[in-house]
Amino acid sequence: MERRLITGHSPFEGVAGYSRAVVVGSTVHVAGTAPIPPDGSPTPESAYEQAVLCLSIIAQALAHAGSSLEDVVRTRMFVTDAAHWPEVARAHGEAFADVRPAATCVITSLLDPTWKVEIEADAVLR
């Protein structure tokens with residue numbers, strides 16, 4: 001089965017040996033996506049803005065793979081504090097209101113202490 005790698009802008013891809021997304025068959029697996037702005041600017045402050053940024057980066061990776069947010073079937077949200085959940089949920093709901101993928105939210109610590117959320121997604125190719 002063909003395997004296609006989609007690269008992103010994260011400085012960790014080369015160091016940790018991973019891809020932003022991997023396409024295998026008709027499935028796109030998007031790696032955990034942290035709120036790292038592509039232009040190198042600081043991470044947004046609010047959990048909502050961070051989640052919107054994560055979802056934007058995911059959308060770009062999906063587009064490179066030939067998919068889109070409308071094709072997402074599963075998301076996993078990693079949040080550093082349950083108090084951030086309402087803001088993350090709002091951003092997720094705006095992106096997936098009609099798509100309604102299977103979703104999980106886990107409270108955990110993340111690599112960078114400024115990150116409040118990291119999101120990963122699985123989608124299908126049309």
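In what follows, the structure referred to is the one given above.
Each residue is numbered by its place in its chain's sequence as written, counting from 1. Reporting in this predicted model follows two pLDDT cut-offs: at least 70 for local features of residues, and 80 or more for side-chain atom pairs to be given and counted; totals over whole chains, interfaces and linings ignore these cut-offs and use all residues. Hydrogens and waters are ignored; side-chain quantities use all the structure's heavy atoms.

**Some points on the packing of aromatic side chains**
Two measures describe an aromatic ring pair: the distance that separates the ring centres and the angle between the ring planes. Quick reminder of the rule: Ring geometry is summarised as follows: Phe, Tyr and Trp rings, the Trp one being its six-membered ring, pair when their centres sit within 6.5 Å, and such pairs are stacked at plane angles under 30 degrees, edge-to-face over 60 and tilted between the two. Numbering goes from the N terminus for both helices and strands, where a helix is a DSSP run of H or I of at least four residues and a strand is a run of E of at least two. Between buried and exposed lies partly exposed: a residue is buried under 20% and exposed over 50% of the maximum accessible area for its type, with that area taken using a 1.4 Å probe on protein chains only. Placement of a positive charge over a ring is assigned whenever Lys NZ or Arg CZ falls within 6 Å of the ring centre and within 35 degrees of the normal to the ring plane.
Going through the model one piece at a time under the given rule, you end up with one aromatic pair. When the centroid spacing of 6.2 Å and the interplanar angle of 85° are considered together, the rings of Phe12 and Trp115 count as edge-to-face. Here Phe12, found in helix α1 (residues 12-16), pairs with Trp115, found in the loop between β5 (102-107) and β6 (117-124); they are 103 residues apart in sequence, far enough to count as distant. You can call Phe12 partly exposed: its relative accessible area is 31%. One Lys or Arg, Arg90, reaches over the ring of Tyr48 and ends 3.7 Å from the middle of that ring.

**Quick word on helix α3 (residues 85-96)**
Put simply, the rule reads: Helix span, expected: 1.5 Å multiplied by one less than the number of residues in the helix. Throughout, the arc means the angular range of directions from the helix axis out to the C-beta atoms. Contacts: residue pairs with any heavy atoms within 4.5 Å of one another.
Helix length check: α3 (twelve residues) gives 16 Å between terminal C-alpha atoms against 16 Å at 1.5 Å per residue, within 8%. Within α3, burial applies to Val88, Ala91, His92 and Phe96. End-on view of α3: buried residues confined to an arc of 115°, all on one side of the axis. For α3, the elements touching its buried residues are α2 (47-65), β4 (72-79), β5 and β6.

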